[in-house]
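Given next are the chains, with one letter for each unit.
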Amino acid sequence: MSKKVMLRKPIEKDGQSISELELKFDDLKGNDLVHAERQARMRGDISPDPLFSSEGLAVIAARVSGQIPEDILGLAAPDFLLVTNMVKNFLYDWASPMNMQLETSEKPS
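*Asks:* I'd like a rundown of the side chain of D45, residues and numbers included.
*Replies:* Note that D45 resides in the loop between helix 1 (30-42) and helix 2 (54-65). No salt bridge is formed by the buried D45. Its closest oppositely charged neighbour is R41, at 4.2 Å. Side-chain polar atoms of D45 contact the side chain of S53, separated by 2.2 Å. Contact partners of D45, with chain neighbours within four places excluded, come to A40, P50, S53, E55 and G56.

*Asks:* Describe the environment of L82, naming the residues involved and giving the relevant values.
*Replies:* Mapped onto the fold, L82 is located in helix 4 (residues 77-94). Once residues within four sequence positions are removed from consideration, L82 is found in contact with V5 and M6.

*Asks:* Hey, could you go over the packing of helix 1 against helix 2 for me, with residue numbers and the actual values?
*Replies:* Between helix 1 and helix 2, the least distance of the axes is 9 Å, while the angle of their chain directions is 135 degrees. In terms of axis orientation, helix 1 runs oblique to helix 2. Judged by the sense of rotation from one axis to the other, the crossing of helix 1 with helix 2 is right-handed. In contact with D32, L33, A36, Q39 and A40 of helix 1, helix 2 contributes E55, G56, V59, I60 and R63. Here the contact of helix 1 with helix 2 is composed, by residue class, of 5 nonpolar, 2 polar and 3 charged.

Scoring rules and cut-offs
- Residues numbered from 1 in each chain as written.
- Predicted model: local features only at pLDDT ≥ 70, side-chain atom pairs only at ≥ 80, totals over all residues.
- Heavy atoms only, no water.
- Helix = DSSP H or I, 4+ residues; strand = E, 2+ residues; numbered from the N terminus.
- Buried < 20%, exposed > 50% of the residue type's maximum accessible area, 1.4 Å probe, protein only.
- Lys, Arg positive; Asp, Glu negative; His and termini not counted.
- Salt bridge = Lys/Arg side-chain N within 4 Å of Asp/Glu carboxyl O.
- Polar contact = N/O pair within 3.5 Å; in protein donor to acceptor, adjacent residues only side chain to side chain.
- Contact = heavy atoms within 4.5 Å.
- Axes fitted to C-alpha atoms, helices over the stretch in contact; angles between N-to-C directions.
- Parallel < 35°, antiparallel > 145°, perpendicular 65-115°, else oblique.
- Left-handed = near helix turned anticlockwise from the far one by under 90°.
- Nonpolar A, V, L, I, M, F, W, Y, C, P; charged D, E, K, R; others polar.

This is the structure we're talking about:
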């Protein structure tokens, strides 16, 4: 799953204007989430669940967009909220019991 986000206020990076971010959620792995949690903690996040804090969501957004956390944190507030909410919604939907496919170990007799 990949989602494109049009930024209200483009960011300048390496002499280029970036007006769109592509969030490539299919590329996200468990190691990325562990790294995001660790990185959020190293950046001073003391929330009970750093994956769902603003800091942690920014780290994940950076990972799936190919940016660095400072780029995401430097977005205009409306863009930051849009991007981090898309990440949060993806994570909540991903972990939703309705979307998890559980296999039963029961076999018919």
